[in-house]
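# What the coordinates show
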Amino acid sequence: MIIDLSPQRRDDLLTVTKAGDALTINGMAFDFSALPDGATIPAGEVPCEWLVGPVERTAGELHLTLILPHGPSPSQTVAFPPPLIDPADGVIVLPADPQPSIPDTAEEEPANVDG
């Protein structure tokens, strides 16, 4: 399986799990094991907003493209990700930037508003 990634500015999250030629994308299962060699599922035919472009099997290998969501200032790794070639079964680790840390406001001194 070869998974190309198409970076897109989005605030939602993507989780992908692989089991053979089946992917579970944000909890929805898509099994491509029945797709014969040389066949293509045209873009838009798979009811999944995360899949863009066609799903094809060429020389026995499944090829597809997933949207890769990212924040407002992606790193080079996220903005220009390499394809995932033969990812192992299980949760697919997608390129991602660390989440910005949010300061703990409970430890701040209260403002003196009395003057």
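Scroll up to find the structure.
Residues numbered from 1 in each chain as written. Predicted model: local features only at pLDDT ≥ 70, side-chain atom pairs only at ≥ 80, totals over all residues. Heavy atoms only, no water.

## A look at the overall build of the chain
When helices and strands are tallied, the chain shows one helix and nine strands. For the chain, the sequential pattern of α-helices and β-strands runs β-β-β-β-β-β-β-α-β-β. Residues counted as buried form 30% of the 115 residues belonging to the chain. By sequence separation, contacts in the chain at least 24 residues apart represent 52% of the contacts at least 6 residues apart. Approximately 7,400 Å² of the chain is accessible, and the part contributed by carbon and sulfur atoms is 55%. (Helix = DSSP H or I, 4+ residues; strand = E, 2+ residues; numbered from the N terminus. Buried < 20%, exposed > 50% of the residue type's maximum accessible area, 1.4 Å probe, protein only. Contact = heavy atoms within 4.5 Å. Areas by Shrake-Rupley, 256 points an atom, 1.4 Å probe, with all protein chains shown as cover.)

## Topic: the sheet that holds strand S2 (residues 16–19)
Each strand in a sheet pairs with another by means of backbone hydrogen bonds, the pair being arranged parallel or else antiparallel. Spatially, the four strands line up as an open sheet ordered S4-S3-S2-S9, and their pairing is antiparallel. Strand pairing shows two members of the sheet lacking a second neighbour, strand S4 (28–31) and strand S9 (90–91), which therefore form its edges. (Pairing = 2+ DSSP bridges.)

## Observations regarding the nonpolar core
One recurring pattern in soluble globular proteins is that nonpolar side chains are buried together. Counting 25 residues, the largest nonpolar core has Ile25, Leu64 and Leu66 as its most contacted members. Where this core is concerned, the elements lending two or more residues are strand S1 (2–9), strand S3 (22–25) and strand S7 (61–70). At five residues, the largest contribution of residues to this core is made by S7. (Core = buried A, V, L, I, M, F, W, Y, C linked by side-chain atoms within 4.5 Å.)

## Description of unusual backbone geometry
Residue Asn26 is not a glycine yet carries a positive backbone phi of 50°. Counting through the fold element by element, Asn26 comes out in the loop between S3 and S4. One non-glycine residue, Asp86, adopts positive backbone phi at about 50°. Here Asp86 shows up in the loop between strand S8 (84–85) and S9.

## Details of the side chain of Lys18
Mapped onto the secondary structure, Lys18 falls in strand S2. Taking the relative accessible area as the measure of exposure, Lys18 reaches 10% and is therefore buried. Of note is the side chain of Lys18, whose polar atom sits 3.3 Å from the backbone oxygen of Pro87. Excluding its chain neighbours within four sequence positions, the residues that come into contact with Lys18 are Met1, Leu23, Pro87, Ala88, Asp89, Gly90 and Ile92. (Polar contact = N/O pair within 3.5 Å; in protein donor to acceptor, adjacent residues only side chain to side chain.)

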